[in-house]
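# Coordinate inspection notes
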Amino acid sequence: AFLIMSLNTQKSKELFERSRGLMIEGGSSSSRGPVNYGAYPLFMQRGQGSRIYDVDGNSYIDWLMSYGALPLGHAHPRVVEALCQAAASGSHFATATDIEIEVAEMIQRIVPSAERVRFANTGTEATMAAVRLARGYTGKPKFIKFEGHYHGWYDDYLVSSNPQPLTTLGHRNDPIKIPDSSGLNRHALDDTIVVPWNDLGALERAIDTYRGQIAAILSEGIMANMGIIPPAEGYLQGLQELARKHNILFILDETVTGFRIAAGGCQQYYQLQPDITTFGKALGAGLPVAGIVGRAEVMEALSWGGVLHYGTQNASRIGLHAARASLQVLTEDDGAAFHQIWRIADLLCNGLRELFKELGVAAIVQNVGPMLQILFTERPAISDYREYCQYVDRPRYQRFIWELFKHGVYTTPSATLHSIVSLAHSEQDVEITLAAARKVLAHGTN
Ligand code: PMP
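Every chain begins its residue count from 1, and numbering advances along the sequence as written. Given that the model is predicted, a residue must reach a pLDDT of at least 70 before its local features are reported, and side-chain atom pairs must reach 80 or more before they are shown or counted; all residues, however, enter totals for whole chains, interfaces and linings.

For each residue, a C-beta atom is placed from the backbone, and the residue counts as near a molecule or strand when that atom lies within 6 Å of it. In the vicinity of the ligand, 15 residues are found, and the nearest of them are Thr-122, Gly-123, Thr-124, Gly-152 and Thr-255. Secondary structure follows DSSP: runs of H or I at least 4 residues long count as helices, runs of E at least 2 residues long count as strands, and numbering of each begins at the N terminus. In terms of residue count, helix H6 (residues 123-138) provides more of the shell around the ligand than any other element does, 3 residues in total. For the shell around the ligand, the per-class residue count stands at 4 nonpolar, 9 polar and 2 charged. Throughout, the ten residues Ala, Val, Leu, Ile, Met, Phe, Trp, Tyr, Cys and Pro are labelled nonpolar, Asp, Glu, Lys and Arg are labelled charged, and all others, Gly among them, are labelled polar.

In structure tokens:
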């Protein structure tokens, strides 16, 4: 790609040289390495509000926001204060604590389906526990997982999560299960039923085929790991009804939508009553706090002697103090925080749409409030995984984002992930971002 503006990233380069022989791909997750960042990733050092700073002193407007773990932006003063206070009185006890009760009560107030709450550390863990809970409670072996949904890196649902050539997927009535990793338990996927999302007919067919054997339907509320693909009108309600009718538990994975789309997540926004819900990311305001919540009768199966769920770090004391501060900010003043977040998100999404139109760029923006993704495609909309696989130009997105870095705008270079608007983002951040996008696109780097 041709360099519009030079960016000095010498220190990042040197750090990568140092880390690559030490850590795999220079870091702690493949998504932070060369597959997304090319020659070397930018090493980040400091975050403040909507800004993130790299080791060379470059500053960026950060629309990545730790993949959604920072709904208030970086180093929000209320969160920082809570963290300092908690740390000074002991980081973790691994005993019963009152902060757990307080945060659980807050969640119960915010999320009506949360009759019971159990804390864990990551979205992966929470969803893993939810699947085991559903199997344990119902005594049934199978569960439904949708094409293009991602729930973390546990074996049983690490399937058909990545974009693939259309010809490898099989017929949509009977998708070929494509494992996303080597080394999975060789029977892990035997009881995982893969179904296309946003298609009630396909779901009904699968339920019929495996009648009496299905413990749960596991779904994201907004497809957020294949760009952003919103649910079709009435789809999630239809899914919930089918689950009820056939005595199947509805597990809603709100790892990425919880405390983000609305205080009460997707289930508030789309008015759902899932049996089990999993939370992660935004809950801990940057610290690893996750939650499994749901209907009392189901959740009680996690009791001693039933379905096992342990964890030394569960209910991180420091993390829960951060969670309390963050949930307070997100819910006070009659939802002012979400009003502001949605307003900025609208400005950003509409600004990008107008820009693409004006410059004649074949790209669309799909979003639900503060979760958005730019899709380089000739299509007017992308409504499911297969359309995404067929019509979205992912390399072009990556080149576009790499160029944006040079103009002080940071977000995920992965076309399957998405950008995030936080409470810290301002109108000025949107203006700077749109100006940067205009420069990159006008120079025809793609
Ligand atoms: N579920 C969804 C919907 C996710 O987007 C993610 C992470 N991107 C996870 C689960 C896994 O969460 P974690 O990375 O905290 O394990």
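So much for the structure itself; the text now carries on.
Our focus in this paragraph is helix H8 (residues 235-245). Leu-236, Leu-239, Gln-240 and Ala-243 are the residues of H8 that are buried. All buried residues of H8 fall inside an arc of 100 degrees around its axis, so they share one side. Note on contacts: each residue gets a C-beta atom placed from the backbone, and two residues are in contact if those atoms are within 7 Å. The inward-facing, buried residues of H8 contact helix H7 (200-209), strand S7 (214-220) and strand S8 (249-253). Asn-247 sits one or two positions beyond H8 and adopts a positive phi of about 60 degrees. Exposed residues have 12 or fewer other C-beta atoms within 10 Å of their own C-beta, buried residues have 20 or more, and residues in between are partly exposed; the C-beta atoms are placed from the backbone. The directions from the helix axis to the C-beta atoms are what the arc is built from.

This paragraph deals with H7. Among the residues of H7, those classed as buried are Leu-203, Ala-206 and Ile-207. Each buried residue of H7 lies within a common arc of 100 degrees when the element is viewed along its axis, so the set occupies one face. Opposite its buried face, H7 presents the exposed residues Gly-201, Asp-208 and Thr-209, each directed more than 90 degrees away. Next to the buried residues of H7 lie strand S5 (142-146), strand S6 (192-195), S7 and H8.

Note that soluble globular proteins tend to have their nonpolar side chains buried in a common cluster. For the purposes of this analysis, a nonpolar core is taken to be any set of buried Ala, Val, Leu, Ile, Met, Phe, Trp, Tyr and Cys residues that are connected through C-beta atoms within 7 Å. Among the nonpolar cores identified, the biggest contains 127 residues, and Ala-130, Ala-134, Phe-143, Ala-216, Ile-217, Leu-249 and Ile-251 are the most heavily contacted of them. Considering every element that reaches this core, the biggest residue donor is helix H11 (residues 317-359), with 15 residues. Residues lining this core come from more than one domain, with at least three contributed by each of domain 1 (10-37 + 46-75 + 335-442) and domain 2 (77-329). These domain boundaries are the output of an automatic or database domain assignment.

Burial along strand S2 (residues 51-54) is one-sided: the residues Ile-52 and Asp-54 are buried and none of Arg-51 and Tyr-53 is. Strand pairing requires that DSSP identify at least two bridges connecting the strands. Examined bridge by bridge, strand S1 (residues 44-48) and S2 share 4 bridges and lie antiparallel to one another. Looking at the pairing, Gln-48 lines up with Arg-51 of S2. Remark: 2 residues form the turn of the hairpin made by S1 and S2, two consecutive strands paired antiparallel; Gly-49 in that turn has positive phi of roughly 60 degrees. Pairing between S2 and strand S3 (residues 59-62): 3 bridges, direction antiparallel. What sits directly across from Arg-51, in S3, is Ile-61. Linking S2 to S3, which pair antiparallel, is a turn of 4 residues; within it Gly-57 sits at a positive phi near 85 degrees.

Moving on to unusual backbone geometry. Backbone geometry at Ala-94 places phi at a positive 50 degrees, although glycine is not the residue there. Along the chain, the position of Ala-94 falls in the loop between helix H4 (77-88) and helix H5 (98-110). Of note in the backbone geometry, Asp-334 takes a positive phi value of approximately 55 degrees without being a glycine. By the secondary structure assignment, Asp-334 is in helix H11.

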